[in-house]
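Each chain is listed here by its residues.
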Amino acid sequence: QVQLVESGGGLVQAGGSLRLSCAASISAFSVYDMGWYRQAPGKQRELVASSTSGGKTVYADSVKGRFTISRDNAKNTVYLQMNSLKSEDTAVYYCNAKAYFIGVNRDYWGQGTQVTVSS
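Right, let's walk through the structure included here.

### Looking at the pairing of strand β8 (residues 77–82)
Piece 1. In terms of burial, β8 is largely enclosed, as five of its six residues are buried.
Piece 2. In terms of strand pairing, strand β3 (residues 18–25) meets β8 through six bridges, oriented antiparallel. Within β8, the position partnered with L20 by the bridge is L80.
Piece 3. Pairing of strand β7 (residues 67–72) with β8, which is carried by six bridges, proceeds in the antiparallel orientation. Along β8, the bridge assignment pairs I69 with L80.
Piece 4. Turn length for the β7-β8 hairpin, with the two strands adjacent in sequence and antiparallel, is four residues, and the turn residue N76 shows positive phi of about 50°.

Structural data, given as structure tokens:
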């Protein structure tokens, strides 16, 4: 059974930092495109950052220069380093794994971790 388990969320003051982790129980983790999404109350879920299987990274304009996504394929883990946090970064952050693998589209989500930034 595939599981994505996020950790590292919490309460932090504006200007502070947090590091989110997502541990994936997935075979062939390296073939997956991994992403971090977030959803604030009353808003749609949005892409924060992604890391493709080929090593390309993409960031939302709102987090460029502040957030860094990285992955450790040996540990089946993806990270999101968040610096210079702002109150508008407050949201539930979700880990996502996508791949077309062995003839099947695969799309998995974690349960989410709350990040609250106090101003």
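### Details of the state of the cysteines
Piece 1. In total, this model carries one disulfide according to the counting rule given.
Piece 2. Two residues, C22 and C95, share a disulfide whose sulfurs are 2.1 Å apart. Of note, the bridge from C22 to C95 carries an S-S torsion of about -80° and is left-handed in sense. Here C22, found in strand β3, pairs with C95, found in strand β9 (residues 91–101); they are 73 residues apart in sequence, far enough to count as distant. Note on accessibility: C22 and C95 belong to one class, buried.

### Quick word on the environment of I26
Piece 1. Position of I26 relative to the elements: it lies in the loop between β3 and β4 (33–39).
Piece 2. Judged by relative accessible area, I26 falls into the buried class, the value being 7%.
Piece 3. Each C-alpha atom of the pair I26 and A91 lies 26 Å from the other, and the pair is 65 residues apart in sequence.

### Structural notes on the pattern of salt bridges
Piece 1. Enumeration according to the criterion identifies four salt bridges in this entry.
Piece 2. Where D89 meets R38, a salt bridge forms, and the shortest distance between an N and an O atom there is 2.9 Å. Of the two residues, D89 is situated in the loop between β8 and β9 and R38 in strand β4; the sequence distance between them amounts to 51 residues. In this structure, D89 and R38 share a single accessibility class: buried.
Piece 3. K64 is paired through a salt bridge with D61; the nearest N and O atoms lie 3.1 Å apart.
Piece 4. By relative accessible area, D61 is classed as exposed at 66%.
Piece 5. One salt-bridge network, in which partners are shared between bridges, spans R38, E46, R66 and D89.

### Some thoughts on unusual backbone geometry
Piece 1. With a phi angle near 60°, A28 is a residue other than glycine that sits in the positive phi range.
Piece 2. Here A28 lies in the loop between β3 and β4.
Piece 3. By relative accessible area, which is 31% here, A28 ends up partly exposed.
Piece 4. Positive phi, normally seen in glycine, also occurs at I102, with a value near 50°.
Piece 5. On the accessibility criterion, I102 (66% relative accessible area) is exposed.

Criteria and cut-off values
Residues numbered from 1 in each chain as written. Predicted model: local features only at pLDDT ≥ 70, side-chain atom pairs only at ≥ 80, totals over all residues. Heavy atoms only, no water. Buried < 20%, exposed > 50% of the residue type's maximum accessible area, 1.4 Å probe, protein only. Helix = DSSP H or I, 4+ residues; strand = E, 2+ residues; numbered from the N terminus. Pairing = 2+ DSSP bridges. Disulfide = S-S within 2.5 Å. Salt bridge = Lys/Arg side-chain N within 4 Å of Asp/Glu carboxyl O.

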